[in-house]
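Fold and geometry: a report
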Amino acid sequence: MGIEVGLNCPACSGAIKVVEGETTVNCQYCGSMLFVEGDAGVTTISFKNMITRETAVISSASWWKKGFKARDLKRVGQVTECYPIYIPFWSTTTRVAGWICGYEERTHSDGKRTYTERIPKEELILRDYRFSEIACDPGDLGIRKMRNIDGETALTDFQTIPTFESTTSKDDAFAHAKESAMANARSDAHVPHITFENVHVFPESMSMVYYPIWVVRYTYRDRMYLNTVDGVTGSVLSGRAPGDPLFQSLAVTAGTSIGGLLGATGIIVASSSGEVAIGCFVVGLIIMVGTYLFFRGGSEITEGDFSDRGFKLGDLKNVASQLTQGRVGGNNWGDI
Amino acid sequence: MQVIQVKCPKCGNPIYSKQKDTVFYCTTCGTMHIRNGGVQVLDVEIGDFNKNAPQDRVYVPFWRMYSTVVINNVRSEGGGFQKLTSWFREGDNSGNLFIWVPASEMEIERFKNMAMDFTLNPPPYNTRMDFGTVPRLPTVMRQEEAKEMADFVVVTIEAEKPGVLQYLDYTLTVHDAKLIYLPFVSTQQGLVPAF
Ligand SMILES: [Zn+2]
């Protein structure tokens, strides 16, 4: 379910809990029925920071060791700054009820001929989806969603650490919550060709949740990097780190070999099929140029929601399409 | 942002309850009200229990909505008779009916089945003035949500008949929404009507 918030009963002062988005609660001590009146319909909740600077640094250092990051990062990396900040998120649960109808096409072959079968489908959607989205400009922190909803909370600010000002509107957040629930519902329905759709979306009341995040800035061989640590769970949420040179060069070799091979294939089949040959040759060339450009500025490993991402294996296949659109530059892949 | 103690809009007495409920019932004067921006007193109907109904009695809240449905066009794969249109007067593509939607939290299949059953076979019950000593399930569905769920019930009735629904063109007008508490008995198989 949603986030639980601690508060005191106005009738008997007993300590009670109310679930985010719910407006009624009964006091388990005096039995009074209570009603939560939000400001302009928004409940403000903050999570208590549970970790220390030391925990944030230790957690970051163990993250440096994982994956294909530079192998000497743990030894060479130096934390230059480490501080907590509250980040605001819009948060709600959205109930979806409806039907998505249509069909799916399956192609069969009995050896002699192939035929397409049309299988009609009607899917009932009746479920809740959680939604959260950052309510400020996150800059380059690599955070867009709230990952955790368990922890000590209060309706008022804890006010011990600085807070990012919220810059986005509740109405936009509602619109996004509805869109996101609708998209999830369509994806859960698995109806490839939709002929009829009747879906109702009910968002609960919207909350503004302040969540503590530790920002850790560090250097590695004269370059600046950053990662963030969840102030409630203590785990790393997002970050950038230098890639491992050995792994990089292996990937380059693989990339250029495939590129070279395709290029060569292009020349060999040139006599039999002109179009295929040119296609192969061009693709080969693109992959070679792409891998070169990709690593010229030094590679980077990223984790989290960054709009420009560092090195991920899947990126190699995107290089060709980005190249043709002229989006791969020289050094911007590696710089923060 | 504040938390307030709920008081009856009619007699001013604080409302006490063992469970949370979006509908507040004043045990002093019998008034029921909801809070949604402002305070709204509800006109509620309470069904009477069958004299032979066993113990473990409970009241289940429903939104009952008097509605007009017009079916313009419906297409299904695999055929099947038209459930809603068969319910209308012969030759008509429209009719008036009460659409029932469970207002308490319940398992999804049960929610859907109760909505369909009560909408297609209106429950016969006598009314009474109060709940007596019988507990009520909390109401979790708001009135505006119930009106949208009426639309869901219409499509569900068309989709649940034999055949696979491919297209439905219809209009639905909900004229009113009334909260009705119907008598049920808890059994091992779940809730069973007891009117
Ligand atoms: Zn009263």
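All of these numbers come straight from a predicted model, not from anything done at the bench.

This part takes up the pairing of strand β10 (residues 190-193) of chain B. Look at any regular strand and the pattern is simple: side chains alternate between the two faces of the sheet. Residue and element names in this part refer to chain B. Where strand β9 (residues 164-187) meets β10, 4 bridges bridge the pair, whose relative direction is antiparallel. Across the sheet, the residue bridging to V185 is V192, located in β10. Following β9, the chain reverses through 2 residues before pairing antiparallel with β10.

Working reference: metal with six octahedral donors, ideal angles 90 or 180 degrees; metal with four tetrahedral donors, ideal angle 109.5 degrees. Residue and element names in this part refer to chain B. Taken together, C8 (SG), C11 (SG), C26 (SG) and C29 (SG) make up the full set of protein donors to the zinc ion, lying 2.2 to 2.4 Å away. All donors to the zinc ion come from one chain, and their sequence spacing reads C-x2-C-x14-C-x2-C. Note that C11 is positioned in the loop between β1 (2-5) and β2 (23-25) and C29 in the loop between β2 and β3 (32-36), a separation of 18 residues in sequence.

Turning our attention to the layout of surface pockets. All names here are of chain B. A volume near 290 Å³ is recorded for the second largest pocket. As for the second largest pocket, its lining consists of 16 residues, of which Y16, S17, K18, Q19 and R136 are closest to the centre. Per element, the largest residue contribution to the lining of the second largest pocket is 3 residues, and it comes from β2. Tallied by class, residues from the lining of the second largest pocket come to 9 nonpolar, 4 polar and 3 charged.

All names here are of chain B. Within the structure shown, the criterion is met by 17 salt bridges over all chains. D43 is paired through a salt bridge with K178; the nearest N and O atoms lie 3.6 Å apart. A residue pair is termed long-range when its members are at least 10 positions apart, and D43 in the loop between β4 (38-41) and β5 (44-47) and K178 in strand β9 qualify at 135 residues. Note that R142 and E144 form a salt bridge whose closest N and O atoms lie 3.5 Å from each other. Exposure remark for E144: the relative accessible area of 42% places this residue in the partly exposed category. When salt bridges that share partners are traced, they join D43, E45, R64 and K178 into one network.

For the rest of this paragraph, the subject is the nonpolar core. By size, the foremost hydrophobic cluster in this structure holds 58 residues, and its most contacted members are W63 and M149 of chain B. Examining the composition of this core, we find that 10 residues originate from one element, β9 of chain B, more than from any other. The next biggest cluster of nonpolar side chains, apart from the first, holds 29 residues, and it includes L34, F89, C136 and L226 of chain A.

Before going further, it helps to examine the environment of D169 of chain B. All names here are of chain B. Assignment of secondary structure puts D169 in strand β9. In the structure, D169 is positioned 95 residues away from V74 in sequence and 6.3 Å away in space, judged by C-alpha atoms. Discounting residues that sit within four places of it in the chain, D169 has contacts with V70, I71, N72 and N73.

This paragraph deals with the confidence of the model for chain B. Residues and elements named next belong to chain B. Here chain B averages 86 in pLDDT, and 93% of its residues register 70 or above. The spread of mean pLDDT over the elements of chain B runs between helix α1 (residues 83-87), the lowest at 63, and β5, the highest at 93. At the level of chain-chain contacts, confidence expressed as ipTM amounts to 0.76, with global pTM at 0.66.

It is worth spelling out the pairing of strand β6 (residues 78-109) of chain A at this point. Residue and element names in this part refer to chain A. Looking at chain direction, β6 and strand β10 (residues 207-220) are connected through 13 bridges and run antiparallel. Each bridged residue has a counterpart across the sheet, and for S91 the counterpart in β10 is S207. When β6 meets strand β7 (residues 114-134), the two strands line up antiparallel, connected through 21 bridges. Bridge pairing in β7 places R106 opposite E117. Taken together, the 10 bridges between β6 and strand β9 (residues 193-203) define a ladder with antiparallel strand orientation. Within β9, the residue paired with T94 across the bridge is P203.

This part takes up the sheet that holds strand β4 (residues 33-37) of chain A. In any sheet, the strands associate via hydrogen bonds between backbone groups, in a parallel or an antiparallel arrangement. On the basis of which strands lie adjacent, the open sheet formed by 3 strands has the order β3(A)-β4(A)-β1(B) and antiparallel pairing. Every other strand in the sheet has two partners, leaving β3 (24-26) of chain A together with β1 of chain B as the edge strands with one partner each. Put simply, the sheet's adjacent strands are angled 30 degrees from each other on average, direction ignored. In terms of strand pairing, β4 of chain A meets β1 of chain B through 4 bridges, oriented antiparallel. From the neighbouring strand, L34 of chain A faces β1 of chain B, where its bridge partner is Q5 of chain B.

This paragraph deals with empty space enclosed by the protein. All names here are of chain A. The tally for this structure, following the rule as stated, stands at 3 cavities of 30 Å³ or more. Volume-wise, the largest cavity comes out at about 40 Å³. Taken together, F89, I143, K145, M146, R147, N148, Y211, I213, D230 and L237 make up the lining of the largest cavity. Residue classes in the lining of the largest cavity are distributed as 6 nonpolar, 1 polar and 3 charged.

Here we take up the interface of chain A and chain B. Contacts between the two partners involve 39 residues from chain A, matched on the other side by 38 residues from chain B. Considering only the side of chain A, the residues that lose the most area to chain B are M33, F35 and W99 of chain A, jointly responsible for 21% of the buried surface there. Summed over the shared surface of chain A and chain B, the number is 1 salt bridge. At the boundary of chain A and chain B, one finds 17 residue pairs in polar contact (both at pLDDT 80 or more). Of all elements in the fold, only β3, β4, β5 (43-47), β6, β7 and β9 of chain A reach the threshold of two or more residues within the side of chain A that touches chain B. Per-element accounting of the side of chain A that touches chain B gives the leading share, 7 residues, to β6 of chain A.

Here is what the cut-offs are and how they apply
Residues numbered from 1 in each chain as written. Chains lettered and ligands numbered in written order. Predicted model: local features only at pLDDT ≥ 70, side-chain atom pairs only at ≥ 80, totals over all residues. Heavy atoms only, no water. Pairing = 2+ DSSP bridges. Helix = DSSP H or I, 4+ residues; strand = E, 2+ residues; numbered from the N terminus. Donors = N, O, S within 2.8 Å, 3.2 Å for Na, K, Ca; no water. 1 Å grid on protein atoms, 1.4 Å probe; cavity = no way out; pocket = protein on both sides within 12 Å on 5 of 7 lines; lining within 4 Å. Points joined across faces, edges and corners; volume = space filled by probe spheres on them. Nonpolar A, V, L, I, M, F, W, Y, C, P; charged D, E, K, R; others polar. Salt bridge = Lys/Arg side-chain N within 4 Å of Asp/Glu carboxyl O. Buried < 20%, exposed > 50% of the residue type's maximum accessible area, 1.4 Å probe, protein only. Core = buried A, V, L, I, M, F, W, Y, C linked by side-chain atoms within 4.5 Å. Contact = heavy atoms within 4.5 Å. pLDDT = per-residue confidence, 0-100. Axes fitted to C-alpha atoms, helices over the stretch in contact; angles between N-to-C directions. Buried area = accessible area lost by both parts, 1.4 Å probe. Polar contact = N/O pair within 3.5 Å; in protein donor to acceptor, adjacent residues only side chain to side chain.

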